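# Coordinates in review
Residue strings, one per chain:
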Amino acid sequence: MIQTVRGVHDILPVETPLWQLLEARALAIFGQYGFAEIRTPLFEKTELFARAVGAATDIVEKEMYTFADRGGDSLSLRPEGTASVVRTFVQQSMHRQLPWKVWYRGPMFRYERPQKGRQRQFHQIGCELFGPAGPLADAELMAMVMRYLTDLGLQASLVLEINSLGCPDCRAPYRDLLIATLRTLVAHLCEDCQNRIERNPLRVLDCKRENCRATLANAPSMLDHLCAGCANHFSSLKTHLNHLGIPYRVNPFMVRGLDYYNRTAFEVTSTGLGAQNAVAAGGRYDGLVAQMGGTSTPAIGFAMGMERLVLLLNRETTLPSSTDVFLATLGERGENAGLLLAEAIRKEGLAVELNLSGGSLKSQMKRADRSKARFALMLGDTEIEKNVVIVKDMTLGQQQEIRWSEAPVFLANLCRVGP
Ligand SMILES: [Zn+2]
Ligand SMILES: [Zn+2]
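All of these numbers come straight from a predicted model, not from anything done at the bench.

### Examining the overall build of the protein
When helices and strands are tallied, the protein shows 16 helices and 16 strands. In terms of principal-axis extent, the alpha carbons of the protein reach across some 90 × 55 × 50 Å. Taking as baseline every contact in the protein between residues at least 6 positions apart, the subset at least 24 positions apart corresponds to 69%.

Shown next, in the form of structure tokens:
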């Protein structure tokens, strides 16, 4: 028996309704904010990710699925969505038509140790907004994420966290100050943190280990060292969020590992998932387009992990049944008439499960129950003689005979009224 690759999962028919719900709400809500969907390739030149994500990052060094194609080019499955979107932006000269607002959905690939909510093929929904440099765009994007998640019914467990990472001007002196402080604390830090002090000191602030967190509680904060421009940006963002009535928490320990991130960083965390708690993460990356060879253009974006959203939704959502009518048939005449009646009812817009495999009325009614259909119909010789069908309301348990020429419209009217 051949099984799926480790860390890779089927999304089974019982689960796809939740995935479809996530995608349908993204289409509807991001559309309200002027975002259109973009579909980029699943694989790109390896060089794209080395330049956009960073050659020295864990993602590029250790986690990418990289291979040579038959022509000898080095290609990689995409480990995230932003690099491809930025490539498109540059390739299509979109700086001439700002603002450019796009969203994407789909699988990403990373060779990581699989655990609950983290897989080697995982799925993201993300948005990228190119053009506006001011905090208004940041606030609107956060409003959109929160609207999306709230609309899914998840608001109870969500917290919006924000931070500012400064700009190249104010971050460089802050970085020096941070390195100097970390050197004095080195004995109290974990091995990962020790290795990061010189290479990527900001990431040390992000360490999740209790000991490191305690050691770093009084480390200097970027927020106390922002230049005037960055400080204004951050305080305007907070004002906008206050006006919108969106609660948030300032988290000075939230950082991004990559240099092109600047100013606003944000995450939406959920208390519903234990330790791995970010459901959305985003931030401003004003430097990336220029770094990728395009005309320097400010940008901000975010991505959400669909697996985590599905886990949360599973806990908090009950989906309506996808079957309106189960049609039970007895005997050959019943089956033949049922085939036509099912078509007629579907023409009225209802979902019909027609019995396709014979069986007693009792066994068919058990399947009708399992299908969670609102109505079960029964059609046998007796009903055909009388030109009727028995309609049973599965919620109320009542049944009645309906002329079968009238049954499709009769059922459609009841289903439109709702249960
Ligand atoms: Zn600055
Ligand atoms: Zn640490």
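### As for the sheet that holds strand β13 (residues 352-354)
Overall, mixed pairing links the 5 strands, which are arranged β13-β12-β14-β15-β16 in an open sheet. The open sheet is flanked by β13 and β16 (399-403), the only strands paired with a single partner. The sheet shows a mean angle of 25° between the axes of neighbouring strands, direction not considered. By the bridge criterion, 3 bridges tie strand β12 (residues 325-329) to β13 in an arrangement that is parallel. Among the inter-strand pairings, Val325 is bridged to a residue of β13, identified as Val352. Along the sheet, helix α13 (residues 331-347) makes contact with β12, β13, β14 (375-379) and β15 (388-393), crossing β12 at roughly 165°. Where helix α14 (residues 361-370) meets the sheet, it contacts β12 and β14, and its direction lies at approximately 170° from that of β12.

### Focus on the packing of helix α2 (residues 46-54) against helix α4 (residues 82-91)
Put simply, α2 and α4 touch, their axes get as near as 9 Å, and they point 105° apart. Between α2 and α4, the crossing angle belongs to the class labelled roughly perpendicular. In this structure, α2 uses Leu48, Phe49, Ala52 and Val53 to contact α4, whose residues at the interface are Thr82, Ala83, Val86 and Arg87. When the residues that make up the contact of α2 with α4 are grouped by side-chain class, the tally is 6 nonpolar, 1 polar and 1 charged.

### A short note on the environment of Gln155
Tracing the backbone through its elements, the reader meets Gln155 in the loop between α5 (135-151) and β7 (158-164). C-beta crowding within 10 Å serves as the criterion here: with 11 such atoms nearby, Gln155 is assigned to the exposed category. Taking C-alpha positions, Gln155 is 45 Å from Ala68, a pair spaced 87 residues apart along the chain. When neighbours within four sequence positions are excluded, Gln155 is seen to be in contact with Leu149 and Thr150.

### With respect to the pairing of strand β4 (residues 74-77)
Two elements, strand β2 (residues 43-45) and β4, share 3 bridges in a ladder whose sense is antiparallel. When the bridges of β4 are listed, Lys45 appears paired with Leu75. Between strand β3 (residues 66-68) and the antiparallel strand that follows it, β4, lie 5 residues; Gly72 among them carries a positive phi value of about 90°.

### A closer look at unusual backbone geometry
The omega torsion of the bond from Leu98 to Pro99 falls at -5°, within 30 degrees of zero and hence cis. In the Ramachandran plot, Arg263 falls in the positive-phi region, its phi being about 50° despite a non-glycine side chain. Mapped onto the secondary structure, Arg263 falls in strand β9 (residues 262-270). At Asn387, a residue that is not glycine, the phi angle is positive and equals roughly 60°.

### As for the sheet that holds β4
The 3 strands are arranged β2-β4-β3 in an open sheet whose pairing can be described as antiparallel. Across the chains shown, the open sheet's two edge strands, defined by having one partner strand only, are β2 and β3. Strand after strand, the sheet turns through a mean of 35° between neighbouring axes, direction not considered. As paired strands, β3 and β4 are joined by 3 bridges and run antiparallel to one another. Counted as the bridge partner of Phe67 is Leu75 from β4. Set on the sheet, α2 makes contact with β2, β3 and β4; between it and β2 the angle comes to about 80°.

The rules behind these values
- Residues numbered from 1 in each chain as written.
- Chains lettered and ligands numbered in written order.
- Predicted model: local features only at pLDDT ≥ 70, side-chain atom pairs only at ≥ 80, totals over all residues.
- Helix = DSSP H or I, 4+ residues; strand = E, 2+ residues; numbered from the N terminus.
- Contact = placed C-beta atoms within 7 Å.
- Pairing = 2+ DSSP bridges.
- Axes fitted to C-alpha atoms, helices over the stretch in contact; angles between N-to-C directions.
- Parallel < 35°, antiparallel > 145°, perpendicular 65-115°, else oblique.
- Nonpolar A, V, L, I, M, F, W, Y, C, P; charged D, E, K, R; others polar.
- Buried ≥ 20, exposed ≤ 12 C-beta atoms within 10 Å, placed from the backbone.

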